[in-house]
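# Architecture and fold: a report
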Amino acid sequence: MDLFKKASDDLLCILKDYLGDALNNEKLAKSIRFVIPPVKTGADFSTNVAMVFAKSLSKNPNDIALELSEKFKKIEYIKDVQVVNGYINIVFTEKIWEEFLADIVKNGSDYGNGEKKDKILLEFISANPTGPLHVGHCRGAILGLALANLLTKAGYDVTKEYYMNDYGVQINTLLKSIQFRYEQQFGKHKDENVPEGCYPGEYLVDYAKELAKEFGNKYVGISEEEFYSLFKQKAVDAMMNIITSNLKLLGLKYDSFVSESDLINKNKIAEALDYLKTKSAVVIDTNGEMQNLSYIYEGYLEAPKGGSANEDEQEESRFSDKLQTLFRSTLFGDDKDRVVLRADGSYTYFASDIAYHKNKYDRGYKTLINIFGADHGGYVKRLTSAVDAVSDHNAKLEVVLCQMVALEKDGVPFKMSKRKGSFVLLSDVAQEINVDELKLFMLSKSAETPMVFDMVKVKEKSKDNIVYYIQYAYARTNSVLRNFESKFGYEYKFDQKDLNGFMSNCPSIIKEICVLMAKYPSTILCAAEKRAPNIVVDYLKEFASMFHSIWGTDIKFVNSEDEKYSRQMMAFVTCIKDIIKNALECLSVNAPEKM
């Protein structure tokens with residue numbers, strides 16, 4: 001039961017009948033607020049509706065409030081209604097609160113689930129299949145997994161997808177690097193350094209040894225072109241196996257993988273561009289005349305300003321002053337048009353992305369979410385423009401930009417193993433600390449906020465460590481339940497009857513915790529809609545703080561001389577335990593039984 005949504009819906013039914021045509025005023029209707037006032041006010045729910053419609057109804061706000069109060073009192077679970085300065089304050093019955101608490105345990109992991117909603121395609125990481133994932137991918141992976149869980153819980157049908165950039169320069173470089181390492185196994189390049197631009201990681205030495213074992217020296221000395229043809233797919237598969245094994249460390253499993261090579265081989269890029277060639281838009285030029293402009297045209301672009309282009313503008317890093325095929329992204333708000341087919345006849349990375357996102361739309365997805373690193377910010381507008389174009393404005397692409405994380409170890413920058421290349425690998429971090437600690441910490445800030453992650457401080461057992469503070473709250477619920485068992489000689493099993501009378505004259509802190517539990521469904525929905533798992537972490541921090549604060553009061557959880565009271569408190573603690581576990585599951589974080 002979503003208690004506050006139930007109350008909102010029931011109150012709105014009464015308001016529709018009372019307000020009649022006045023509710024057709026969209027501006028006023030949107031101004032209606034249902035809020036949860038502080039527990040100390042004595043009210044559970046409050047609305048400003050009387051003040052919003054006073055002018056349109058030509059009535060005094062207090063008169064409207066008093067009339068509505070009498071109607072609200074007829075709802076069976078409303079105990080009292082009070083009017084304060086035009087606000088209508090509502091008090092729920094103890095019974096509905098107790099039914100709500102019982103419903104938390106009854107629904108278990110389903111508590112907080114939203115109503116069925118649309119399909120969403122969530123693409124994240126999509127690192128080039130050229131080797132292990134490094135810590136730069138880590139935050140995006142954790143964010144993507146948590147966001148997928150939250151969207152699913154909110155009611156969306158979510159597909160987690162990985163796009164494999166298995167075509168182009170980076171794959172050529174991968175094969176060149178592997179060929180060099182393979183030939184080293186048979187004495188070639190013995191004292192040579194890895195060629196400039198090639199990948200230096202030791203993982204390629206390991207893979208080259210596997211090839212040497214399987215094929216011997218059969219392919220030593222062949223051309224780069226022949227080596228590419230023979231081993232391209234085998235190498236990509238091997239690199240994707242490394243990547244998926246890295247993802248398993250985070251508990252991440254994708255629903256779908258899409259290959260860039262597959263799109264190219266199936267002629268999907270040409271088809272996407274041919275489709276855009278049939279599209280145009282009518283615009284008014286500077287002379288006030290109408291022009292019909294095609295989405296795709298032949299033209300020239302100025303050289304990029306400021307020297308070499310950013311990595312996410314790779315089509316411009318191969319600038320040409322010759323005639324090229326361009327996408328008119330300025331029609332969709334971009335600052336300039338973009339190259340899709342170079343003068344030499346090769347497609348740009350952007351052209352591949354257009355085809356890929358058309359493929360998403362053609363598969364029936366209208367809501368697309370991509371998680372990019374913050375360094376790809378300059379790529380966003382052209383990509384959203386492309387999605388608008390290929391879907392005739394029927395699909396929407398949202399891009400979540402994820403800032404990097406600086407790793408430290410007790411205040412000192414963390415160094416990776418020297419044998420693994422130039423990055424701190426995800427596997428390095430996973431070996432250093434508990435993955436649950438890593439996830440919860442990285443989700444504690446909004447995606448656009450830069451982070452410094454200290455792998456020593458995250459293990460500190462103090463209230464200043466949010467990871468410990470939240471997980472300890474869950475462990476503490478189990479400790480309380482074990483204490484009950486030791487006092488009464490049996491394990492507590494939840495019984496709804498134990499909640500009878502629990503809310504009558506309960507201490508303020510207990511009521512505050514109950515109110516916070518009732519906010520959980522709306523918290524989940526808010527986190528999903530704002531694409532912000534950190535909202536759930538903030539909720540858990542507040543929840544843990546309230547629960548821990550009970551130890552500073554004279555409230556006892558277990559009274560060995562009062563079994564009925566103790567069972568009431570165990571029912572309450574079971575609700576707390578289920579809420580914390582439910583929220584942690586949304587973040588793909590385990591709940592520790594002991595700490």
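We now examine the overall build of the protein chain. On a plain count of helices and strands, the protein chain comes out with 20 helices and 17 strands. Oriented by its inertia axes, the alpha-carbon framework of the protein chain measures out at about 85 × 75 × 40 Å. A buried classification covers 52% of the 595 residues belonging to the protein chain. In the protein chain, the share of contacts with a sequence separation of at least 24, taken over all contacts with a separation of at least 6, comes to 72%. If you sum the accessible surface of the protein chain, you get close to 28400 Å²; carbon and sulfur atoms cover 47% of it. For the protein chain, the distance from the average site of its 77 positive side-chain charges to the average site of its 85 negative ones is 3 Å.

With five bridges connecting them, strand β8 (residues 280–284) and strand β9 (residues 290–294) associate as antiparallel partners. Paired with V282 across the strands is N292, a residue of β9. Counted along the chain from β8 to the antiparallel partner β9, the turn is five residues long, and its residue G288 has a positive phi close to 80°.

By the element assignment, N246 lies in helix α9 (residues 224–249). Contacts of N246, omitting those with residues within four sequence positions, involve P132, L133, L426 and S427.

A water-sized probe, rolled over the atoms, reveals where empty space remains. Within this structure, the stated rule accounts for one cavity of 30 Å³ or more. Taken as a whole, the largest cavity encloses approximately 30 Å³ of empty space. Residue lining of the largest cavity: I36, P37, V39, A43, D44, K511 and V515, and that is the complete set. Looking at side-chain class alone, the lining of the largest cavity contains five nonpolar, no polar and two charged residues.

The next point concerns helix α4 (residues 61–72). Across its 12 residues, α4 extends 16 Å between first and last C-alpha, which sits within 8% of the 16 Å expected from 1.5 Å per residue. I64, A65, L68, S69 and F72 are the residues of α4 that are buried. Taken around the axis of α4, the buried residues stretch over an arc of 140°, which confines them to a single face. Of the surrounding elements, those touching the buried residues of α4 are α1 (3–19), β2 (45–47), α3 (49–57), β3 (78–84) and β4 (87–92). The opening residue of α4 is N60, an N-cap whose side-chain oxygen sits 2.7 Å from the backbone nitrogen of N62.

Quick look at the environment of Y539 now. Relative to the elements of secondary structure, Y539 occurs in helix α19 (residues 534–549). Taking the C-alpha atoms as reference, Y539 lies 56 Å from F215; in sequence the two are 324 residues apart. In this structure, Y539 is in contact with L516, M517, Y520, T523 and I579, ignoring residues within four places of it in sequence. A distance of 2.7 Å separates the side chain of Y539 from the backbone oxygen of L516, its partner in a polar contact.

Looking at where D103 falls in the secondary structure, it is placed in helix α5 (residues 94–107). Relative accessible area serves as the criterion here: at 14%, D103 is assigned to the buried category. For the pair formed by D103 and F372, sequence separation is 269 residues and the distance between their alpha carbons is 39 Å.

Moving on, we get to unusual backbone geometry. A positive phi is found at H393, a non-glycine position, where the angle reads about 65°. Within the secondary structure layout, H393 lies in the loop between α13 (380–390) and β14 (396–402). In this structure, S588 takes a positive phi of about 60° despite not being glycine. Counting through the fold element by element, S588 comes out in the segment after α20 (563–586).

Here the second largest pocket defines a volume of roughly 490 Å³. D2, K5, N113, P521 and S522 are the residues nearest the centre of the second largest pocket, which is lined by 25 residues in total. At the level of elements, α1, α5 and α18 (520–529) are the ones that each hand at least two residues to the lining of the second largest pocket. A per-element tally of the lining of the second largest pocket places α18 first, with four residues. Grouping the constituent residues of the lining of the second largest pocket by class yields 10 nonpolar, six polar and nine charged.

Scored by pLDDT, the protein chain comes out at a mean of 92, with 96% of its residues at no less than 70. Every residue in residues 307–314 is under pLDDT 50, and counting partners more than four places away or in other chains gives 14 contacts.

Here the focus is the packing of helix α6 (residues 135–153) against α18. Each pair of packed helices can be described by the angle between their axes along with the distance between the axes. Close contact between α6 and α18 brings their axes to 8 Å; oriented N to C, the two are set at 125°. Accordingly, the angle class assigned to the pair α6 and α18 is oblique. The handedness of the crossing between α6 and α18 comes out as left-handed. On the side of α6, the interface is formed by L147, L150, L151 and K153, while α18 contributes Y520, I524, A527 and A528. Taken together, the residues of the contact of α6 with α18 break down into seven nonpolar, no polar and one charged.

To continue, consider the packing of aromatic side chains. A complete count under the given rule lists 36 aromatic pairs for this structure. When the ring of W97 is compared with that of F100, the centres are 5.8 Å apart and the planes differ by 80°; the resulting orientation is edge-to-face. Within this pair, W97 and its partner F100 are both found in helix α5, separated by three residues, close to a single helical turn. Here W97 matches F100 in class, with each residue buried. Centre to centre, the rings of F215 and Y219 are 5.6 Å apart; their planes meet at 70°, and the pair counts as edge-to-face. By relative accessible area, which is 26% here, F215 ends up partly exposed. By relative accessible area, which is 14% here, Y219 ends up buried. Here a set of aromatic residues connected by ring pairs shows up, and it is made of F4, F34, F45, Y77, F92, W97, F100, Y111, Y520, Y539 and F543.

Analysis parameters
- The numbers attached to residues start from 1 for each chain and follow its sequence in the written order.
- Where local features are concerned, this predicted model is filtered to residues with pLDDT of at least 70; where side-chain atom pairs are given and counted, the filter is 80 or more; whole-chain, interface and lining totals use all residues.
- Processing note: side-chain calculations cover all non-hydrogen atoms of the structure and skip hydrogens and water entirely.
- Only runs of H or I of at least four residues qualify as helices and only runs of E of at least two qualify as strands under DSSP, and these elements are numbered from the N terminus.
- Under the scheme applied here, a residue whose accessible area is under 20% of the maximum for its type counts as buried, over 50% as exposed, and between as partly exposed, the area being computed with a 1.4 Å probe on protein chains only.
- We call two residues contacting when some pair of their heavy atoms lies within 4.5 Å.
- Note on areas: these come from Shrake-Rupley sampling with a 1.4 Å probe, and a residue is covered only by the protein chains present in the view.
- Residues counted as positive are Lys and Arg, residues counted as negative are Asp and Glu, and His and the chain ends are not counted.
- All charge positions are set by atom: Lys at NZ, Arg at CZ, Asp at CG, Glu at CD.
- Two strands form a pair only when DSSP identifies at least two bridges running between them.
- Using a grid of 1 Å spacing that covers the protein atoms alone, one calls a set of points a cavity when a 1.4 Å probe fits there but cannot get out, and a pocket when the set is open and has protein on both sides within 12 Å along at least five of seven lines; lining residues are those with an atom within 4 Å of a point.
- Grid points are joined across faces, edges and corners, and a volume is the space filled by probe spheres set on the points.
- In this count, Pro and Cys sit with the nonpolar residues alongside Ala, Val, Leu, Ile, Met, Phe, Trp and Tyr, while Asp, Glu, Lys and Arg are called charged and the others, Gly among them, polar.
- The span you would expect from a helix comes to 1.5 Å times its residue count less one.
- The directions from the helix axis to the C-beta atoms are what the arc is built from.
- Polar contacts here mean pairs of N or O atoms no more than 3.5 Å apart (in protein, one a potential hydrogen donor and the other a potential acceptor; neighbouring residues in sequence count only if both atoms are side-chain atoms).
- Per-residue confidence from the predictor is reported as pLDDT, which spans 0 to 100.
- Where helices are involved, their axes are fitted lines through C-alpha atoms of the stretch in contact, as for all axes, and angles between N-to-C directions lie from 0 to 180°.
- Throughout, the term roughly parallel applies to angles under 35 degrees, roughly antiparallel to angles over 145, roughly perpendicular to angles from 65 to 115, and oblique to all others.
- Helix crossings get a hand from a simple test, with the near helix turned counterclockwise from the far one by less than a right angle marking a left-handed crossing and a clockwise turn marking a right-handed one.
- Whether two aromatic rings pair depends on their centres lying within 6.5 Å, for rings of Phe, Tyr and Trp, where Trp uses its six-membered ring; planes under 30 degrees apart make the pair stacked, over 60 edge-to-face, and the rest tilted.

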